[in-house]
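A closer look at the structure
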Amino acid sequence: MKAAVWYGEKDIRVEDRDLKEIGDHELKVKIAWTGICGSDLHEYQHGPIFIPVDGPDPLTGGQAPVTLGHEFAGIVEEIGSKVTNFQMGDRITVYPMITKGIKSSKEDVFDGFGTLGLHVDGGFADYAIVPEKNAYLLPATMSLEEGALVEPTAVAVQAIKEANLVIGDSVAVFGSGPIGLLTIMAARTAGATNIIALDVSETRLEKALQAGATHIINSAEVNPVEEIKKICPEGVDIAFEVAGVEPTFKQAIESTKIRGLVMIVSIFSKSIDWNPFDLTNSGVRIMASLAYEPVTFQQTINLIDSGQLEAKKIITDHIEIDDIVEKGFESLINDKSQAKILVKLSGDM
Ligand SMILES: [Zn+2]
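Residues numbered from 1 in each chain as written. Predicted model: local features only at pLDDT ≥ 70, side-chain atom pairs only at ≥ 80, totals over all residues. Heavy atoms only, no water.

1. Let's talk about the overall build of the protein chain
Counted only if it meets this: Strands here are runs of E lasting at least two residues and helices are runs of H or I lasting at least four, both read from the DSSP assignment and numbered beginning at the N terminus. Just to be clear, the radius of gyration here is over C-alpha atoms, and the globule rule we use is 2.2 Å times residues to the power 0.38. Only protein chains enter the accessibility calculation, which uses a 1.4 Å probe. A residue is then buried if its area is under 20% of the maximum for its type, exposed if over 50%, and partly exposed in between. Here the open area of atoms and residues is found with the Shrake-Rupley method and a 1.4 Å probe, where only the protein chains shown may cover a residue. Counting rule applied: Lys, Arg positive; Asp, Glu negative; His and chain ends not counted. To locate a charge, take NZ of a lysine, CZ of an arginine, CG of an aspartate or CD of a glutamate.
Scanning the protein chain from N- to C-terminus turns up 10 helices and 18 strands. Taking 349 residues into account, the globule formula puts the C-alpha radius of gyration at 20 Å, and the protein chain, at 20 Å, falls close to it. Looking at the protein chain as a whole, 54% of its 349 residues qualify as buried. About 14800 Å² of surface is accessible on the protein chain, with carbon and sulfur atoms providing 49% of the total. Here the protein chain contributes 30 positive and 51 negative side-chain charges, whose respective centroids are spaced 3 Å apart.

2. A short note on the domain arrangement of the protein chain
For the record, the criterion: Domains are outlined according to an automatic or database domain assignment. Accessible area that two parts lose when put together, evaluated with a 1.4 Å probe and summed over both, is termed the buried area.
Domain parsing of the protein chain yields domain 1 (2-153 + 292-344) and domain 2 (164-288). For domain 1 and domain 2, the distance between their C-alpha centroids amounts to 28 Å. Both faces considered, domain 1 and domain 2 share a buried interface measuring about 1400 Å² in area, 73% of it formed by carbon and sulfur atoms. On the domain 1 side of the contact with domain 2, Leu309, Ile314 and Lys336 bury the most area, a combined 32% of that side's loss.

3. Quick look at the sheet that holds strand 13 (residues 215-218)
The following threshold applies: Paired strands, in this sense, are two strands between which DSSP finds at least two bridges. What counts as an axis is a line fitted to C-alpha atoms, over the stretch in contact for a helix, and the angles between N-to-C directions run from 0 to 180 degrees. Contact criterion: two residues are considered in contact whenever any of their non-hydrogen atoms come within 4.5 Å of each other.
Ordered in space as 13-12-11-14-15-16, the six strands form an open sheet in which the pairing is parallel. Edge strands, defined here as strands with exactly one partner in the open sheet, are strand 13 and strand 16 (285-288). On average, each strand axis in the sheet is tilted by 20° relative to the strand beside it, whichever way the strands run. Bridging between strand 11 (residues 171-174) and strand 12 (residues 195-199) involves four bridges; their strand directions are parallel. In the sheet register, Ala172 faces strand 12, and the bridge partner there is Ile196. Relative to strand 15 (residues 256-264), helix 7 (residues 246-254) is tilted by about 145°, and along the sheet it contacts strand 11, strand 14 (236-241), strand 15 and strand 16.

4. Here's the deal with the coordination of the zinc ion
Cut-off, in case you're wondering: Here a donor is any nitrogen, oxygen or sulfur atom (N, O, S) within 2.8 Å of the metal, with 3.2 Å used for Na, K and Ca; water is not among the atoms considered, so some sites may look incomplete.
Around the zinc ion, the protein contributes the donor atoms Cys37 (SG) and His70 (NE2), which lie 2.1 to 2.3 Å from the metal centre. Note that Cys37 is positioned in the loop between strand 3 (26-35) and helix 1 (38-46) and His70 in the loop between strand 4 (66-67) and strand 5 (71-79), a separation of 33 residues in sequence. Accessibility assignment for this pair places Cys37 and His70 in one class, buried.

5. Remarks on helix 6 (residues 224-231)
The test is simple: What the arc measures is the spread of directions leading from the helix axis to the C-beta atoms.
Those residues of helix 6 not exposed but buried are Pro224, Val225 and Ile228. For helix 6, the arc enclosing every buried residue in end-on projection is 95°, short of the 170-degree limit, so these residues lie on one face. Exposed residues lying more than 90 degrees from the buried face of helix 6 are Glu226 and Lys230. Buried residues along helix 6 sit against strand 11, strand 12, strand 13, strand 14 and helix 7.

6. So, the packing of helix 1 against helix 10 (residues 324-334)
For the record, the criterion: Our angle categories are set so that under 35 degrees counts as roughly parallel, over 145 as roughly antiparallel, 65 to 115 as roughly perpendicular, and the remainder as oblique. For this classification, Asp, Glu, Lys and Arg are treated as charged, while Ala, Val, Leu, Ile, Met, Phe, Trp, Tyr, Cys and Pro are nonpolar and the rest, including Gly, are polar.
At a closest axis distance of 10 Å, the pairing of helix 1 and helix 10 adopts a crossing angle of 90°. In this view, helix 1 runs roughly perpendicular relative to helix 10, as classed from their interaxial angle. Counted together, Asp40, Leu41, Tyr44 and Gln45 of helix 1 and Val325, Phe329, Glu330, Leu332 and Ile333 of helix 10 form the full contact between these two elements. By residue class, the composition of the contact of helix 1 with helix 10 is six nonpolar, one polar and two charged.

7. What about the pattern of salt bridges?
So the rule is basically this: We count a salt bridge whenever a side-chain nitrogen from Lys or Arg sits within 4 Å of a carboxyl oxygen from Asp or Glu.
Scanning the entire structure with this criterion turns up 14 salt bridges. In this structure, Lys340 engages Glu71 in a salt bridge whose closest nitrogen and oxygen atoms are separated by 2.9 Å. Taken together, the residues span a long stretch of sequence, with Lys340 in strand 18 (residues 340-344) and Glu71 in strand 5 at a distance of 269 residues. Glu71 shares its class with Lys340; the two are buried. Here Lys327 ties to Asp323 by a salt bridge, and the two come within 3.8 Å at their closest N and O atoms. The partly exposed category is assigned to Lys327, whose relative accessible area is 46%.

8. A look at the sheet that holds strand 4
The sheet built from three strands is open, its strands ordered 2-1-4 with antiparallel pairing. With partners counted over all chains shown, the strands left at the sheet margins are strand 2 (11-16) and strand 4, one partner each.

9. Let's talk about the nonpolar core
Heads up, the condition is: The definition of a nonpolar core used throughout is a set of buried Ala, Val, Leu, Ile, Met, Phe, Trp, Tyr and Cys residues joined through side-chain atoms within 4.5 Å.
Core analysis: the largest hydrophobic core is formed by 54 residues, its most contacted members being Leu165, Val171, Ile184, Phe240 and Tyr292. Shared between two domains, this core holds at least three residues of each, these being domain 1 (2-153 + 292-344) and domain 2 (164-288). Ignoring any residue separated from it by four or fewer positions in sequence, one finds Leu165 in contact with Ile160, Val171, Ala187, Ala190, Ala192, Ile238 and Phe240. One finds Leu41, Ile51, Phe86 and Ile98 within the second-largest nonpolar core, a separate group that totals 34 residues.

10. Section: the packing of aromatic side chains
The condition that has to hold: Any Phe, Tyr or Trp ring, taking Trp's six-membered ring, that has another such ring centre within 6.5 Å forms a pair; planes under 30 degrees apart are called stacked, those over 60 apart edge-to-face, and the others tilted.
Summed over the entire model, instances satisfying the criterion amount to nine aromatic pairs. With a centroid separation of 5.4 Å and 70° between ring planes, the pair formed by Tyr95 and Tyr292 is classed as edge-to-face. Taken together, the residues Tyr95 in the loop between strand 6 (91-94) and strand 7 (97-99) and Tyr292 in the loop between strand 16 and helix 9 (294-306) connect sequence positions 197 residues apart. Each member of the pair, Tyr95 as well as Tyr292, is classed as buried. A ring pair is formed by Phe249 and Phe268, whose centres lie 6.0 Å apart and whose planes are at 90°; its orientation type is edge-to-face.

Here you go:
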C-alpha cells in the first residue's frame, strides 16, 4: 500500500509500505481522509520530536521510519478474531493515543503516551491497523471528512475543560492557526463572551472572525496587551497560548486578570527566557493541556455531529498523498492562508 513515511528532518517519502498483521483485538481500517497536524509539521521541520529514532518506543514498539498521520477516519475492512464492538463496514474515527492506563479512573496521557502516526505507523496510508479500544463509531449523520477533524478538535475541547471555562468568561487566544481556530470555536460553544483572537497574519485573523472571535488583534501592528485591556480593562479570565513562542507567552500572562489562568496548548520547540516574578506580582496561574481524555473524544464527536462545533470551517484544502510534501507540508510553512489540509486516501464520505 502507499504511505507517507518519515525518515528524518525534511525527509518524508511517499512509498510502498507493508501493513502489519492484524491482532486479535485490532481492526484493519481503510482510511478515507487524514489531516496534517502542526505536530506532523514540527516533525518535518525540526524532527525528531516525538518520533523514536534510537530504539523501539516502549509503549507501541514503533521506531523510525514511521508512517505519519494521527488525524484520520475510515471504514472497518477486517476485524480481529476477538473484536466484539465493531463489524466490517463501520465508519470510525481514531483516538490515536496509546497510554499506560496506570490511573484507575481514566486514561491519563501524563502517565506517558505513544501516538499512532508519531511513535508507530499511522494514517497517511491506504490502511491502518488500529486497536479496537482506539476506534470510535461515527454517527450516520457525520461525514468521514468531519471524522478526520475529531482529533484536533478534541485538543481544543480538552483545553477548554482543563481551563474550567464557564459561561460569560472572557478569553484571549494567542495564535490563530488550526488549534487556535478550534479553541475559539470551542470557547464560543462553552459560552465565552469576549473572544479575542491574536495573530500576526491578517488572513488568519479573518478566519478567526469566521470561527467566532468577537475581536481580532494583529500583534505585529499594535501592542496586543494594551489592545486587550481596552476590551477587558482588568484583563481576560483565561488566555490560551497556542503560538508557542516567548513573546506570546509573556503577552498571555500580561493580558490575564489577577488570579486568572494562562493555558498552554502549544508545543514550545525552543526554551524561553522568562522570570516567574511575573506570576508573583499577579497571582496568574499557568497550566498546560495535552491531547484529550477518551470521554472528551466522544463528546467532541457529539459536538461536531450536532452542529454545535463547526470544525469543518477550518478545512482550507484537500490534496492527494503524492503531493503531501509540496502541497501539504511546504504549503503550510509558506502560505498563511492555509489552516487544515486534508489528505485524500480512499476519499469516501
Ligand atoms: Zn494533531
